[in-house]
Each structure stands twice: as C-alpha cells, then as structure tokens.
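Now for the letters of each chain:
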Amino acid sequence: MAEIKLTKNELRAQQGRLGQLQKYLPTLQLKKAMLQAEVSEARVEIAKCEEAYNHVRAEVEHYSALLTQNISINLSDSAKILKVHRRYENIAGVEVPYFDGIEFAEFTYNLFETPTWVDPVTKGLRQLAEANVRIKIAQEKKEALEKEWREVSIRVNLFEKILIPRAMANIKKIKVFLGDQQLAAVSQAKVAKAKIEWRKKALVAE
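Cut-offs used in this document
Residues numbered from 1 in each chain as written. Predicted model: local features only at pLDDT ≥ 70, side-chain atom pairs only at ≥ 80, totals over all residues. Heavy atoms only, no water. Helix = DSSP H or I, 4+ residues; strand = E, 2+ residues; numbered from the N terminus. Buried < 20%, exposed > 50% of the residue type's maximum accessible area, 1.4 Å probe, protein only. Contact = heavy atoms within 4.5 Å. Areas by Shrake-Rupley, 256 points an atom, 1.4 Å probe, with all protein chains shown as cover. Salt bridge = Lys/Arg side-chain N within 4 Å of Asp/Glu carboxyl O. Expected span 1.5 Å × (residues − 1). Bend = angle between axes of the 7 residues up to and from the residue. Phe/Tyr/Trp six-rings, centres within 6.5 Å; stacked < 30°, edge-to-face > 60°. Core = buried A, V, L, I, M, F, W, Y, C linked by side-chain atoms within 4.5 Å. Pairing = 2+ DSSP bridges.

K.L.:
Any details on the overall build of the protein? Residues and values, ideally.
P.N.:
Within the protein, the regular secondary structure consists of two helices and two strands. Starting at the N terminus and ending at the C terminus, the protein contains elements arranged as α-β-β-α. Taken over 206 residues, the protein has a buried fraction of 31%. Contacts spanning at least 24 positions in sequence make up 77% of the contacts within the protein whose residues lie at least 6 apart. In the structure as shown, the protein presents an accessible area of about 14,400 Å², 54% of it carried by carbon and sulfur atoms.

K.L.:
Tell me about the pattern of salt bridges, and please be specific about residues and values.
P.N.:
Considering all chains together, one arrives at 10 salt bridges under this definition. Taking the shortest distance from any N to any O, the salt bridge between Glu61 and Arg57 comes out at 3.3 Å. Of the two residues, Glu61 and Arg57 both sit in helix α1 (residues 8–61), four residues apart, roughly one turn of that helix. Here Asp100 makes a salt bridge to Arg87, at a shortest N to O gap of 3.8 Å. Of the two residues, Asp100 is situated in strand β2 (residues 94–104) and Arg87 in strand β1 (residues 81–91); the sequence distance between them amounts to 13 residues. On the accessibility criterion, Asp100 (45% relative accessible area) is partly exposed. Arg87 gets classed as partly exposed once you look at its relative accessible area, which sits at 34%. Look at the salt bridges and you will find they share partners, linking Arg43, Lys142 and Glu146 into a network.

K.L.:
Explain α1 to me, and be specific about the residues and the numbers.
P.N.:
Across its 54 residues, α1 extends 78 Å between first and last C-alpha, which sits within 8% of the 80 Å expected from 1.5 Å per residue. Along α1, the sharpest change in direction is near 25° and occurs at Leu25; proline Pro26 comes one to four residues later.

K.L.:
Give a detailed account of the packing of aromatic side chains, specifying residues and quantitative values.
P.N.:
Applying the stated rule across the entire model yields one aromatic pair. Measuring from ring centre to ring centre gives 6.0 Å for Tyr24 and Phe159, while their planes differ by 55°; the resulting arrangement is tilted. Within this pair, whereas Tyr24 is found in helix α1, its partner Phe159 is found in helix α2 (residues 118–205), the two being separated by 135 residues in sequence.

K.L.:
Help me get a handle on the side chain of Glu148, residues and values and all.
P.N.:
Summarising the element assignment, Glu148 is placed in helix α2. Setting aside anything within four residues of it in sequence, one finds Glu148 in contact with Lys31, Leu35 and Val94.

K.L.:
Please give an account of the nonpolar core that cites residues and values.
P.N.:
Among the nonpolar cores identified, the biggest contains 24 residues, and Leu35, Ile91, Val96, Leu145 and Phe159 are the most heavily contacted of them. Elements represented by at least two residues in this core include exactly α1, β2 and α2. For this core, the element with the highest residue contribution is α2, accounting for 10 residues. Beyond its immediate sequence surroundings of up to four residues, Ile91 is in contact with Leu35, Glu38, Val96, Tyr98, Lys141 and Leu145. Counting 23 residues, the second-largest nonpolar core is a separate cluster that includes Val60, Trp117, Ala129 and Ala131.

K.L.:
I'd like a description of the pairing of β1, backed by residues and values.
P.N.:
With 10 bridges connecting them, β1 and β2 associate as antiparallel partners. Directly across from Asn90, in β2, lies its bridge partner Glu95. The turn linking β1 back onto β2 is made up of two residues, and Ala92 within it adopts a positive phi angle of 50°.

K.L.:
Any details on the environment of Tyr98? Residues and values, ideally.
P.N.:
Note that Tyr98 resides in strand β2. A C-alpha to C-alpha distance of 5.3 Å links Tyr98 and Arg87, two positions 11 residues apart in sequence.

K.L.:
Explain the side chain of Gln14 to me, and be specific about the residues and the numbers.
P.N.:
Counting through the fold element by element, Gln14 comes out in helix α1. With sequence-adjacent residues up to four places away left out, Gln14 is seen in contact with Ile4, Ala167, Asn170, Ile171 and Ile174.

K.L.:
Describe unusual backbone geometry, listing the residues and the values that go with them.
P.N.:
Despite not being glycine, Ala92 shows a phi value in the positive range, around 50°. Positionally, Ala92 belongs in the loop between β1 and β2.

If you want it as structure tokens, here you go:
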C-alpha cells in the first residue's frame, strides 16, 4: 500500500473517494441480493426440469420390452435433434439463456408396416430429448448467474472490508496530522507573540 500524502488536497481526494464508494456500495449490494434470488430460482427450475425428465423417462421405459423387437426402423433416429432454439434475457446485467424450441430431424415410416406402439414411443423419445435439453439450458442459466453473483460478492466484500475502511483510516490519519500541525502552529504563534511582548516590555523598561 502506497504511503498517502498528509495534505489538505489528499484529504479532499480521500473524502471524495469515500463518498463514491459509499454511494456505489448499495447498488452492488442490491445486485448481489437480486442475483442470489435468481440463482435460487434457477435451482428450483432445474429441479422441475429433472422431475419432468424422470416422468417422461418412466413412461418411455414402459415400452422397453417392445423396443427389443426386430422392426424395420431405428427408433433412436426419431429423436435426432437438428437445432435447439434459445433466447437470451438480461437479468441483473447477465445474459442468460432460455429454452425457446427444438427441431428434430425428419422421421418417417410406413404406418401399415410398423406396430401401433411406434407412435407413442417416438413421441416419448422426443419428449425425453427435449426434457434433457431443457435441463442443460437451465443449468447454463444457473452457472451464468452464479458466476456473476460470485464476482459481485467479491466486489461487495472488497468495498465493505478493504476500500471503505482504508479510505476512512486515511481520512482519520490525515485529519490527525493536520490537526497536530495546526495545534503546533498555534503554539508557535503564541510563543512568538509572547517573545514579541517580552521584547516590547524590555524596550520600554530601558
């Protein structure tokens, strides 16, 4: 830490710095609280997405025995993803992703040459794939919010525990020094005045 100048100009500079820090700190604290709330909501969202995924998976597993049957099509191709659509929204200064749709590769088959259960299985596999994508995007959202929350928390701690106390300590140090200087100047002035008075009396006495 560089040694501060014990001057009036430095005192004004330190007071200005302290004022800026104290003015900006509430904004950082508010942002930290907002991000913390958003992270909590993101965790709840992930839990809901995982619950939905497990529900769909349980339904698809009802057809697990049928999937072992020898049919002319590959059912895994029915859930092949072409593109995932996302939109981004700004939350407390962070661009976070949201699920906005999904496109699957074209999957066709002859209705007359395949079992009737192929339709619900195809639908279930696609729902399972979509549910999995929703989980991943929700996790990305949480990670982005957590990263910003950690960075803001570091800045809040820096302001509260280092920068503001340091500025206050600097101001106190400068004020004490200037006060001592002023007291010394007053004392010197009194001594000088006393000497002058003494000399005047000495001249009169002569």
